[in-house]
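# Reading the structure
Next come the chains, spelled out residue by residue.
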Amino acid sequence: MHAHDTPQASTRRTLDGTLVTIVLPAFNESGAIGDTVKGIAAWLVPHVPQWEILVVDDGSSDDTAGTVQRLSPALRLSVIRLSRNFGKEAALTAGLDHAKGGVVIGMDADGQHPVEMLSQMLSHWCDGVDMVYAVRQDRDQESSFKRWGARLFYRMLSVGGQFSIPEDAGDFRLMDRCVVNALKALPERERFMKGLYAWVGFRTLGLPYTPLSRTVGETTYSKRKLIRLAWTGFTGFSALPLRVSSAVGFVLALMALGYGLNVVIDYMFFNESVPGWPTIVASIMFFSGIQLLFIGILGEYLARVYDEVKGRPTYLVADITASSGPANDSAD
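What counts and how
- Residues numbered from 1 in each chain as written.
- Predicted model: local features only at pLDDT ≥ 70, side-chain atom pairs only at ≥ 80, totals over all residues.
- Heavy atoms only, no water.
- Salt bridge = Lys/Arg side-chain N within 4 Å of Asp/Glu carboxyl O.
- Helix = DSSP H or I, 4+ residues; strand = E, 2+ residues; numbered from the N terminus.
- Buried < 20%, exposed > 50% of the residue type's maximum accessible area, 1.4 Å probe, protein only.
- Patch = residues over 30% accessible without salt bridge, like charges linked within 9 Å, V, L, I, M, F, W, Y side chains within 5 Å.
- Areas by Shrake-Rupley, 256 points an atom, 1.4 Å probe, with all protein chains shown as cover.
- Polar contact = N/O pair within 3.5 Å; in protein donor to acceptor, adjacent residues only side chain to side chain.
- Expected span 1.5 Å × (residues − 1).
- Contact = heavy atoms within 4.5 Å.
- Phe/Tyr/Trp six-rings, centres within 6.5 Å; stacked < 30°, edge-to-face > 60°.
- Arc of directions from axis to C-beta.

Right, let's talk about the pattern of salt bridges for a bit. Within the structure shown, the criterion is met by eight salt bridges. With a shortest N-O distance of 2.2 Å, Arg12 and Asp127 are connected by a salt bridge. In this pair, Arg12 is assigned in the loop between strand E1 (2–5) and strand E2 (19–26) and Asp127 in the loop between helix H4 (117–126) and strand E6 (131–136), connecting sequence segments 115 residues apart. Since its relative accessible area comes to 34%, Asp127 is described here as partly exposed. Its salt-bridge partner being Asp108, residue Lys88 comes within 2.9 Å of it at the nearest N-O pair.

Printed below as a string of structure tokens:
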């Protein structure tokens, strides 16, 4: 168990009168979403008095939304269909924006998050913890690229960041309404949810878990998407690349100054002319490349500012199919 910040609450919470919303972002999960929803509902029925399941279809090209809409109304389902694929971070944001529950739980639609962990999460919420997140213990099934990339990303982020983002913690987590409201109040549109979860703070607790095997299909998260997400998180929560650029520029300036002084001293006191046009040309090309690289890094940060200034919404909703099952009371 990883206790990030767990001060005790003065009174114990109860699920009586509290709506629990399960948020499932889904992209091309028509083969797995049905069993995932049924498994979650089967656990909720005997354990939680009031609940709803909210599926966010992130512009799937298959029949994900249709598969969910054909499920039994008793499953208390609602489907938010986005106008196109905006990415998982945007789909999670849409789910949080539309969730009515006093407790909101994010899970993946592929069925790899064990529903049995919901009992532990809800128990800790009753004890006063505002956010309970699952920490992945086993990455053996992932590619070496993802394992080493994740390790490098979190280490670099811990060096340049102003707060700690728990390593191996994903989107499988329980959030109290106060956490959800804080996340909804954050204005940025290029969202890195793992960083935002850590930034808002509150009383948090990490629980270890081992993901279940995927029974249908395969992950739709490509290396390109992973790299883009990592860069979004890095530029959104760390100024380390800019600081490294400044440090390297300072060191190179000192080296150039030292070399220049050496040339002047050799010429004035030892009457030595310094040949070496190839060296000069190579040096110019090297320093020009360094300058262009650092201008590119600066441009990435400016691009983030440009995206935020445009003010475009994080996502667009095509339609919402509300649940026709038993009515649930809002726990806002």
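Still more to cover.
Residue Arg76 is not a glycine yet carries a positive backbone phi of 55°. Residue position: Arg76 is located in the loop between helix H2 (64–69) and strand E4 (77–82). Note on Arg76: relative accessible area 15%, which makes it buried. With a phi close to 70°, Phe202 is a non-glycine residue in the positive phi region. On the secondary structure map, Phe202 appears in the loop between helix H7 (193–200) and strand E8 (204–209).

Next up on the list: a nonpolar patch on the surface. Side chains of Phe250, Val251, Leu254 and Met255 sit close together on the surface and give an oily, nonpolar patch of about 420 Å² of accessible area. Summarising the element assignment, Val251 is placed in helix H9 (residues 240–269).

For the rest of this paragraph, the subject is the side chain of Asp171. Tracing the sequence through the fold places Asp171 in strand E7 (residues 169–176). Among the polar contacts listed, one links the side chain of Asp171 to the side chain of Lys88, at a separation of 3.2 Å.

Taking 1.5 Å per residue, 15 residues should reach 21 Å; helix H1 (residues 33–47) reaches 21 Å between its end C-alpha atoms and fits that length. The complete set of buried residues in H1 reads Ile33, Gly34, Thr36, Val37, Ile40, Ala41, Trp43 and Leu44. Where the residues of H1 are buried, they touch E2, strand E3 (50–57), H2, E4 and H4.

So, about the packing of aromatic side chains. Tallying each qualifying case throughout the model produces one aromatic pair. Residues Phe172 and Tyr209 carry aromatic rings whose centres are separated by 5.8 Å and whose planes lie at 80° to one another, so their mutual orientation is edge-to-face. Highlighted residues: Phe172 in strand E7 and Tyr209 in strand E8, separated in sequence by 37 residues. When its relative accessible area of 10% is taken as the criterion, Tyr209 is described as buried.

A separate point is helix H6 (residues 177–185). Taken together, the buried positions of H6 are Arg177, Val179, Val180 and Leu183. Buried residues along H6 cover an arc of 160° about the axis, so they all sit on one side. Tucked inside the fold, the buried residues of H6 contact helix H3 (88–98), strand E5 (103–106), E6, E7 and H7.

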